[in-house]
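Close look at the chain arrangement
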Amino acid sequence: MTFTAISKRLKTIASYCPRGARVADIGSDHALLASYLLAEDIASFVIAGELNEGPYQAALKQIHTLQARDRASVRKGDGLAVVQPGEVDAVCIAGMGGQLIVSILEHGKERLQGVKRLILQPNVGEELVRRWFVESGWELVAESILEEDGILYEILVAERGETHAPYANKDRSMEELLRIGPFLWERKEPLLREKWGHEREKWQKVRTQLERSDKPQAKERIKQIESEIDWIDGVLTCLHMDKQ
């Protein structure tokens, strides 16, 4: 079985899928990840879930070209509604905002029965996903940050377990590590400097705009933004010191 090369982002997600697992990819992006998992004999069975008709038809076509229909199921439905309890071992959700990912997980909690691993790649709102893990009985077990085509991506992997364990005995508070990522911070990932440097620039621009405003609430908002910039400066200082 052959398969066209996929992005570094999807390959990294695939690397966290347990070999031989039954995997559901929710919002499958034309079943590219699902196809790769089959082509590389990583997954024993895949479910590619799509909400809308166009992507659903594209996923069907992609799976059909692999001639692997006995090991794949393309389903149309909302979030985890395409999965039956106990049907899969791992769930991947990638390329969505963190708030949407959390909503999918929360609304489909009963469908996670039997699932041993969650592999999630939020485009934004990583903190929301980490917080959901803590509140929902999932332990963050691995994190990756990567850059592709000028965009930074974080991949979060969780299994059922000790929800607070990744945040214990660190030099930052749990609240801070929910934002930064405990494993990324522990490794002092070089791309963290880039990520938080961009965040600092974003807040500086907002502050500059507010400084031109004569609205009464602008001053209070500026104070909040300055506090955020100070926090980011502290993070960046630690990252730069570790680099040296």
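What comes next is a walk through the structure. (Residues numbered from 1 in each chain as written. Predicted model: local features only at pLDDT ≥ 70, side-chain atom pairs only at ≥ 80, totals over all residues. Heavy atoms only, no water.)

1. Observations concerning the layout of surface pockets
Taken as a whole, the largest pocket encloses approximately 490 Å³ of empty space. In this structure, the largest pocket is lined by 21 residues; those nearest its centre are Asn123, Val124, Glu126, Lys195 and Glu199. The leading source of residues in the lining of the largest pocket is helix H8 (residues 190-211), at 7 residues. When grouped by side-chain class, the residues that make up the lining of the largest pocket number 7 nonpolar, 4 polar and 10 charged. The space that makes up the second largest pocket amounts to roughly 290 Å³. For the second largest pocket, the lining is made up of 20 residues, of which Ile26, Gly77, Asp78, Gly79 and Ile104 are closest to its centre. Residues of the lining of the second largest pocket, tallied by class, amount to 8 nonpolar, 8 polar and 4 charged. (1 Å grid on protein atoms, 1.4 Å probe; cavity = no way out; pocket = protein on both sides within 12 Å on 5 of 7 lines; lining within 4 Å. Points joined across faces, edges and corners; volume = space filled by probe spheres on them. Helix = DSSP H or I, 4+ residues; strand = E, 2+ residues; numbered from the N terminus. Nonpolar A, V, L, I, M, F, W, Y, C, P; charged D, E, K, R; others polar.)

2. Notes on the sheet that holds strand E5 (residues 117-122)
Taking strand neighbours across the sheet as the criterion, the 7 strands line up as E3-E2-E1-E4-E5-E7-E6 in an open arrangement whose pairing is mixed. Taken across any chain shown, the strands that pair with only one partner, and hence form the sheet edges, are strand E3 (72-76) and strand E6 (138-148). In this sheet, adjacent strand axes meet at a mean angle of 15 degrees when their direction is disregarded. Helix-sheet contacts for helix H3 (residues 53-66) involve strand E2 (43-50) and E3, and the interaxial angle to E3 is about 170 degrees. (Pairing = 2+ DSSP bridges. Axes fitted to C-alpha atoms, helices over the stretch in contact; angles between N-to-C directions. Contact = heavy atoms within 4.5 Å.)

3. Some points on the pattern of salt bridges
Side-chain pairs of opposite charge can arise whenever the charged atoms involved come near each other. Per the stated rule, a full pass over the model turns up 20 salt bridges. Here Asp89 ties to Lys116 by a salt bridge, and the two come within 3.9 Å at their closest N and O atoms. Linking Asp89 in the loop between E3 and strand E4 (90-96) with Lys116 in the loop between helix H4 (98-107) and E5, this pair joins segments that are 27 residues apart in sequence. One salt-bridge network, in which partners are shared between bridges, spans Glu126, Arg130, Glu143, Glu154 and Lys195. (Salt bridge = Lys/Arg side-chain N within 4 Å of Asp/Glu carboxyl O.)

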